Amino acid sequence: MTKLILHYAPDNASLIIRLALDHLNLPFETVLVDRASGAQRDPAYLAINPNGLIPTLITQDGPIFETAAILLWLNDRFGALMPTDQPARTSTLKWLIWIGNSLHPSQRMMFYPDTYTDGDAEDLRAPTRRRIAHLLTVLSDADDADWLEKPPSAPSFYLAPLLRWCAIYGGDRWFDLADYPRLFAFAQRMEQTEPVLRAIRAEGLGDRPFTAPKPPNPPEGSAV
């Protein structure tokens, strides 16, 4: 099998894929995409990810981008990221795509408003914060999101970093994970998993990256 190569930047969406790869005990190499120098816009990187976004995973089937697509490819190849029984698989798949299509894009709008509006950034950020709060309430109240209480799966690895980023990006003190007790308990459990403990060291995420997050101090590269 072709060696897996993760093009990453610390504390970016590549963190989600790092956690999944580590959970699967797959050997992989990392290649830093230096955001401080705009390496995500270099022609060499655009050749493998024309969107200029992070991550990209180099596989035997070629480069794969889009976080949910990478997670699904990993599960198709190696299993152990999604339940196999129904209806658990259907429910987990639904929430995985929900994270990728609803929650994550809303975060991008809040973090990078200049990409989405030529007007006042706060005019976009304020309603986007309210939308994210609503989305997290929907998830927290969902009867069919029991993957939150089960051993980590694809949506677990996707959700946990997004909860972190809500707290440290997008405005001062707008978000408190403790307002969502079910999600806080989920984040506490994730912090005790081996993939997260290893990612803490690899990307300088701090001792409590999800329940008491702070800006990263990575050994290489920049998160922004």
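Note that the structure is a prediction, hence the values are computed from the model and not measured.

Peer 1: An account of the overall build of the chain is requested, with residue identities and associated values reported.
Peer 2: On a plain count of helices and strands, the chain comes out with eight helices and four strands. The order of helices and strands in the chain, counted from the N terminus, is β-α-β-α-β-β-α-α-α-α-α-α. On the principal axes, the C-alpha backbone points of the chain span a range of 45 × 45 × 30 Å. Within the span of the chain, comprising 224 residues, buried residues form 51% of the whole.

Peer 1: Could you give an account of the environment of Leu103, with specific residues and numbers?
Peer 2: If you trace the backbone, Leu103 turns up in helix α4 (residues 88-111). Not counting chain neighbours up to four residues away, the residues in contact with Leu103 comprise Trp98, Ile132, Leu135, Leu136, Leu159 and Leu162.

Peer 1: Could you give an account of the side chain of Glu203, naming the residues involved and the relevant values?
Peer 2: With respect to the element layout, Glu203 can be found in helix α8 (residues 194-203). For Glu203, a relative accessible area of 1% puts it in the buried group. At 2.7 Å, the side chain of Glu203 forms a polar contact with the backbone nitrogen of Asp11. Residues within four places of Glu203 in sequence aside, it is in contact with Tyr8, Ala9, Pro10, Asp11, Leu15, Arg18, Pro216, Asn217, Pro218 and Pro219.

Peer 1: Please give an account of α4 that cites residues and values.
Peer 2: Given 3.6 residues per turn, any residue in an α-helix points the same way as the ones three and four places further on. A rise of 1.5 Å per residue sets the reference length of α4, with its 24 residues, at 34 Å; its end C-alpha atoms lie 33 Å apart and thus fit the reference within 8%. A maximum bend of about 35° is found in α4 at Ile99.

Peer 1: I'd like to hear about unusual backbone geometry, residue by residue, with values.
Peer 2: Residue Ile54 is joined to Pro55 through a cis peptide bond whose omega torsion reads 20°. Here Pro55 is to be found in the loop between α2 (43-46) and β3 (56-59). Although it is not a glycine, Asn25 adopts a positive phi angle of roughly 60°. The topology assignment puts Asn25 in the loop between α1 (14-23) and β2 (28-32).

Peer 1: How would you summarise helix α7 (residues 181-191) if you had to cite specific residues and measurements?
Peer 2: For α7, every residue scored as buried is listed here: Leu183, Phe186, Ala187, Met190 and Glu191. Taken down its axis, α7 places every buried residue within 135° of arc, on the same side. Tucked into the core, α7 has its buried residues touching α5 (121-141), α6 (154-168) and α8.

Peer 1: Any details on the environment of Leu57? Residues and values, ideally.
Peer 2: As for its placement among the helices and strands, Leu57 is situated in strand β3. Leu57 gets classed as buried once you look at its relative accessible area, which sits at 0%. Note: C-alpha distance between Leu57 and Ala9 (48 residues apart in sequence) is 12 Å. Among residues more than four places away in sequence, those in contact with Leu57 are Leu4, Ile5, Leu6, Leu21, Gly62, Pro63, Ile64, Ile70, Trp73 and Leu74.

Peer 1: Could you give an account of the nonpolar core, with specific residues and numbers?
Peer 2: Judged by nonpolar contacts, the single largest core of 58 residues is most densely connected at Ile16, Leu74, Leu139, Trp147, Leu159 and Leu183. Sorting the residues of this core by element identifies β1 (4-8), α1, α3 (67-78), α4, α5, α6, α7 and α8 as the ones contributing at least two each. Looking at which element gives the most residues to this core, the answer is α6, with ten residues. Beyond its immediate sequence surroundings of up to four residues, Trp147 is in contact with Thr92, Trp95, Ile99, Leu139, Ser153, Pro155, Ser156, Leu159 and Phe186. Counting five residues, the second-largest nonpolar core is a separate cluster that includes Ala9, Val33, Tyr45 and Ile54.

Peer 1: So what's going on with the sheet that holds strand β4 (residues 62-65)? Which residues, and what values?
Peer 2: Either a parallel or an antiparallel arrangement is found when strands of a sheet pair, and the pairing is made through backbone hydrogen bonds. Read across the sheet, four strands follow the order β2-β1-β3-β4 without closing on themselves; strand pairing throughout is mixed. The outermost strands of the open sheet, each flanked by one partner alone, are β2 and β4. Averaged over all pairs of adjacent strands, the angle between their axes in this sheet comes to 25°, without regard to strand direction. Of the strand pairs in this sheet, β1 and β2 are connected by five bridges, and their pairing is parallel. Bridging across to β2, Leu4 finds its partner in Phe28.

The rules behind each value
- Residues numbered from 1 in each chain as written.
- Predicted model: local features only at pLDDT ≥ 70, side-chain atom pairs only at ≥ 80, totals over all residues.
- Heavy atoms only, no water.
- Helix = DSSP H or I, 4+ residues; strand = E, 2+ residues; numbered from the N terminus.
- Buried < 20%, exposed > 50% of the residue type's maximum accessible area, 1.4 Å probe, protein only.
- Contact = heavy atoms within 4.5 Å.
- Polar contact = N/O pair within 3.5 Å; in protein donor to acceptor, adjacent residues only side chain to side chain.
- Expected span 1.5 Å × (residues − 1).
- Bend = angle between axes of the 7 residues up to and from the residue.
- Arc of directions from axis to C-beta.
- Core = buried A, V, L, I, M, F, W, Y, C linked by side-chain atoms within 4.5 Å.
- Pairing = 2+ DSSP bridges.
- Axes fitted to C-alpha atoms, helices over the stretch in contact; angles between N-to-C directions.

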